[in-house]
Every structure is written in C-alpha cells, then in structure tokens.
Amino acid sequence: MYEVEVKVPADLAAVRDRLEAVGAQSRGSVVQVDTYYDAPHREFTETDEALRIRSERPDRGSADTRITYKGPLVDDESKTREEVETAVGDHEQTDAILTNLGFKAAATVRKERERFALEGYTVTLDSVDDVGEYVEVETDVEDESDLEAARAGAYDVLERLELEPDDQLRTSYLGLLLGSE
C-alpha cells in the first residue's frame, strides 16, 4: 500500500473555518505520541526510512498502539511512500522487543490532530509540539499506477481550502523536530 500525503504549514483556525464551509465531515480528535527508532544495521536517515511505535488516544474511546515501517519517498512531488503498519498490544512491550534487538529510540514526536473527511481524502489539522501547525491531506492507494491521480486530488483539496500545494513540505515531523534542535 502507498500513502499519498501532502503537508503544508497553515493557520489551523482559518483552515477549520474553510473545512466547515466546504462541508467536510469531522472524524474527531486524537493525541498521538510517536517514538522513532534507529536501526542497528543501517542508517534510516540515509535510506529515508522510518520505524515508529505510535500510541494514539482519541477524544472518545480507548487508546490504540501501532508499529509502522515507512519506506523511502517514491516521488519528488509529495510525501508518497510505502507504508506497512499493524496493531500491537502494548507500547512498552514493543519498545522492549525493539530495544533487545538493538534498535534505539531516537526521538519522540507529540501532536494533537483533528481529522476531517473530504472527497475521499483525510484532512488532518496538526499541532505538533516544538514544531508548529500543519495541514496534511492524504489517501492510500494500492497500486503505484494510481499515485499521480491521488496526488492531483490532494492538491485539489488543498486549493479548495485556500492553501498552496507549492508550499508543501516533504520533511517528516521527526525531521522538522530534529532540525529545530
């Protein structure tokens, strides 16, 4: 599966108003805590990969923990990459497994996210600790041949929200956080 994602810095209050005006449907809010790991056998910063444990607590309901591998970016136009993710039972136990295998926790990114659905895309308003405010527009596609159309659709959603696709950042929140230190 491929995650097609476009991220731009934005004033979240203004975007929230625009989302309401275009009829986007709220999907609730969550707090996410992502712990990223360095591998003992290769440098993820050099290979443009990522391994993380994400703990997510929604505004309603129980917490969810997942482990995710993100492959290198597959194009120069967006943050599109292969993504493999599965649920795990416990953040601390998963951390212990990775640590015992030689992986080292590199950094933690905490963000408050509001999610909206619009025209088959998820629009996320992110307030990221020590990094800033961003809007992400994303969707998943199974086949690489669908990437270009999905990216064009994400750009259209940004433009409907009066945001400029050319302002997109291809750097992850982890990269932004580490770059701000």
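What counts, and at which threshold
- Residues numbered from 1 in each chain as written.
- Predicted model: local features only at pLDDT ≥ 70, side-chain atom pairs only at ≥ 80, totals over all residues.
- Heavy atoms only, no water.
- Pairing = 2+ DSSP bridges.
- Helix = DSSP H or I, 4+ residues; strand = E, 2+ residues; numbered from the N terminus.
- Axes fitted to C-alpha atoms, helices over the stretch in contact; angles between N-to-C directions.
- Contact = heavy atoms within 4.5 Å.
- Core = buried A, V, L, I, M, F, W, Y, C linked by side-chain atoms within 4.5 Å.
- Buried < 20%, exposed > 50% of the residue type's maximum accessible area, 1.4 Å probe, protein only.

Examining the pairing of strand E6 (residues 104-118)
Looking at chain direction, strand E2 (residues 25-38) and E6 are connected through 13 bridges and run antiparallel. Within the sheet, the bridge partner assigned to serine 26 lies in E6 and is phenylalanine 116. Direction of pairing for E6 relative to strand E7 (residues 121-128): antiparallel, over a ladder of 8 bridges. Opposite alanine 117, over in E7, you have threonine 122 as the bridge partner. Linking two consecutive strands that pair antiparallel, namely E6 and E7, is a turn of 2 residues; a positive phi of about 55° is found at glutamate 119 within it.

Notes on the sheet that holds strand E4 (residues 64-73)
Overall, antiparallel pairing links the 8 strands, which are arranged E1-E5-E4-E3-E2-E6-E7-E8 in a closed barrel. On average, each strand axis in the sheet is tilted by 35° relative to the strand beside it, whichever way the strands run. Sheet topology places E4 next to strand E5 (residues 81-88); 7 bridges connect them, and they run antiparallel. Counterpart to threonine 65 in the pairing with E5 is valine 88. Contacts from helix H3 (residues 91-100) reach E2, strand E3 (50-58), E4 and E5 within the one sheet, and its direction differs from that of E3 by about 170°. Packed onto the sheet, helix H4 (residues 147-160) meets strand E1 (2-9), E6, E7 and strand E8 (132-141) and runs at close to 25° relative to E1.

Examining the nonpolar core
It is characteristic of soluble globular proteins that their nonpolar side chains tend to be buried jointly. Of all hydrophobic cores here, the largest spans 25 residues; its most connected members are Val15, Leu19, Val123, Leu125, Val135, Val137 and Leu163. Broken down by secondary-structure element, the contributors of at least two residues to this core are E1, helix H1 (12-21), E6, E7, E8 and H4. With near-sequence residues (within four places) excluded, leucine 125 lies in contact with Leu12, Val15, Arg16, Leu19, Glu112, Arg113, Glu114, Phe116, Tyr134 and Val135. Of all hydrophobic cores here, the second largest spans 10 residues; its members include Tyr36, Ala50, Ala107 and Val131.

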